[in-house]
Amino acid sequence: MASPKLIIAAVVLIIVAIVGSMSVFTVRQDKQALVLQFGNPVRAISEPGLHFKLPIQNVEYYERRILDLDPPVQQVLLSDQKRVNIDSFARWKIIDPLQFRKRALNVDQFVQIFGQRLNSVIRGELAQSPLIALLTDNRARIMEKIQAALVEPAKDFGVQLIDVRIGRTDLPKETSQAVYNRMQSARIAEASQLRAEGEEIKSKTQADAEREKVILLAEARRQSETLRGEGDAERNKILGAAYNKDAKFFEFYRSLQAYREALSNGTTLVISPDSEFFKYFNQSEPDASR
């Protein structure tokens, strides 16, 4: 049977082991700890490794890593009276677990409280901006202003605000339809205006072409009449010269032309053979000795 001393020693060792296990805790590299005594914070530990505490104390762990804050999508009225659905998010991390526990108690509570504040700041900032500002380079400037407005409030929670972003910016369904209808009406009006301008240009071009046509035809007629008059004058001049050289031959030549014009189209003439028209046919063959 074991002696009382051995039993007492064993009990003491067990108690020491239990107390020792209750007095030692480990902080991982991705965590930071807050030592509590009767629910009240005593000290914060940010260094990883093995640490000690009193058995009556307990430990709460907090993330050292960057965390997400993704509040619900909210509808915002812009300065140009357009409504948009804004989906924003933030990146943050705990830098003072003691302050964080005093103000937010835990991560879920902080996400709820600070998410509402984030949406409030976004509504206030976007209320001063038109829709076009969210679709241009001004979007980055707006996000910088929103982040700057939230940096100090985040420090009150023992939190460092890393980044704030506006993810998606969507028009509500009814607004999208209204915008689409306005865009459609604007395009139809623009098409009608372009069509009217095209018709005006067409009419002007046709009028210019008709005017140019009339001018060209008149000029062509003038030139043709001029050339015809010059040709007739030259012809008369040549005929006059030929008549002066041999009047009988000229009369004979003109008679041949008259024969050709009168008989070439199938016309039937009933004329006496000794008429003046056939005088050159009725003449006897001239004497070869002449």
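None of these values were measured; they are calculated from a predicted model. (Residues numbered from 1 in each chain as written. Predicted model: local features only at pLDDT ≥ 70, side-chain atom pairs only at ≥ 80, totals over all residues. Heavy atoms only, no water.)

Q: Residue-level account of the overall build of the chain, with values.
A: Summing up its helical and strand segments, the chain has 7 helices and 9 strands in all. Evaluated residue by residue, the chain yields a buried proportion of 23% over its 290 residues. Long-range pairs, those at least 24 residues apart, make up 63% of the contacts in the chain with a sequence separation of at least 6. With an accessible surface of roughly 20,500 Å², the chain has 56% of that area assigned to carbon and sulfur atoms. (Helix = DSSP H or I, 4+ residues; strand = E, 2+ residues; numbered from the N terminus. Buried < 20%, exposed > 50% of the residue type's maximum accessible area, 1.4 Å probe, protein only. Contact = heavy atoms within 4.5 Å. Areas by Shrake-Rupley, 256 points an atom, 1.4 Å probe, with all protein chains shown as cover.)

Q: Break down the confidence of the model for the chain for me, citing the residues and quoting the values.
A: Counting all residues, the mean pLDDT for the chain is 83, and 86% of those residues have values of 70 or more. The lowest-confidence element of the chain is helix α7 (residues 279–282), averaging 61 in pLDDT; the highest-confidence one is strand β6 (residues 67–69), averaging 93. (pLDDT = per-residue confidence, 0-100.)

Q: Can you break down the packing of helix α3 (residues 107–126) against helix α4 (residues 138–156) residue by residue, with the values?
A: Where α3 meets α4, the closest approach of the two axes is 10 Å, and the angle between their N-to-C directions is 140°. Relative to α4, the element α3 lies oblique. Helix-helix and strand crossings are classified by hand; for α3 and α4 the assignment is right-handed. Here Phe-114, Arg-117, Leu-118, Val-121, Ile-122, Glu-125 and Leu-126 of α3 come into contact with α4, specifically with Ile-142, Lys-145, Ile-146, Ala-149, Leu-150, Pro-153 and Ala-154. Grouping the amino acids of the contact of α3 with α4 by side-chain chemistry returns 11 nonpolar, no polar and 3 charged. (Axes fitted to C-alpha atoms, helices over the stretch in contact; angles between N-to-C directions. Parallel < 35°, antiparallel > 145°, perpendicular 65-115°, else oblique. Left-handed = near helix turned anticlockwise from the far one by under 90°. Nonpolar A, V, L, I, M, F, W, Y, C, P; charged D, E, K, R; others polar.)

Q: Please set out the pattern of salt bridges residue by residue, giving values where relevant.
A: Enumeration according to the criterion identifies 12 salt bridges in this entry. The residue Glu-125 makes a salt bridge to Lys-145 at a minimum N-O spacing of 3.1 Å. Residue Glu-125 is found in helix α3, and its partner Lys-145 is found in helix α4; the two are separated by 20 residues along the sequence. By sharing partners, the salt bridges in this structure join Lys-31, Glu-63 and Arg-65 into a single network. (Salt bridge = Lys/Arg side-chain N within 4 Å of Asp/Glu carboxyl O.)

Q: So, unusual backbone geometry: which residues are in play, and what are the values?
A: The phi dihedral of Phe-38 falls on the positive side, at around 55°, and the residue is not glycine. The topology assignment puts Phe-38 in the loop between β2 (31–37) and β3 (40–45). Its identity is not glycine, yet Leu-105 carries a phi of approximately 75°, on the positive side. Looking at the element boundaries, Leu-105 is found in the loop between α2 (97–103) and α3.

Q: Break down the side chain of Gln-74 for me, with residues and values.
A: In this structure, Gln-74 sits in strand β7 (residues 74–77). Its relative accessible area of 9% is what places Gln-74 among the buried residues. Dropping the residues within four chain positions of it, Gln-74 is found in contact with Val-84, Asn-85, Ile-86, Asn-119, Ile-122 and Arg-123.

Q: Summarise the pairing of β7; cite the residues concerned and give the values.
A: Residues Gln-74 and Val-76 point to one face of β7 and are all buried, whereas Gln-75 and Leu-77, pointing to the other face, are not buried. Bridge analysis of β7 against strand β8 (residues 83–94) gives 4 bridges, and the strand direction is antiparallel. Within β8, the position partnered with Leu-77 by the bridge is Arg-83. Here β7 folds back onto β8 in antiparallel fashion, the turn holding 5 residues, of which Gln-81 has a positive phi close to 65°. (Pairing = 2+ DSSP bridges.)

Q: Which residues make up the sheet that holds β3, and what values go with them?
A: With antiparallel pairing, 3 strands are arranged side by side in an open sheet as β3-β2-β5. At either end of the open sheet lies a strand with only one pairing partner, and these are β3 and β5 (57–63). Strand-to-strand twist across the sheet, computed as the mean angle between neighbouring axes with direction ignored, equals 30°. In this structure, β2 lies alongside β3, joined through 5 bridges in antiparallel fashion. Paired with Ala-33 across the two strands is Ile-45, which belongs to β3.

Q: An account of the environment of Leu-150 is requested, with residue identities and associated values reported.
A: Assignment of secondary structure puts Leu-150 in helix α4. Given a relative accessible area of 0%, Leu-150 falls into the buried group. Each C-alpha atom of the pair Leu-150 and Asp-163 lies 10.0 Å from the other, and the pair is 13 residues apart in sequence.

Q: Got a sec to walk through the pairing of strand β1 (residues 24–27)? Specific residues and values, please.
A: Burial of β1 is one-sided: the residues Phe-25 and Val-27 facing one way are buried, the residues Val-24 and Thr-26 facing the other way are not. Relative to strand β4 (residues 49–52), β1 runs antiparallel, the two sharing 4 bridges. Bridging from a neighbouring strand, Thr-26 pairs with Leu-50 of β4.

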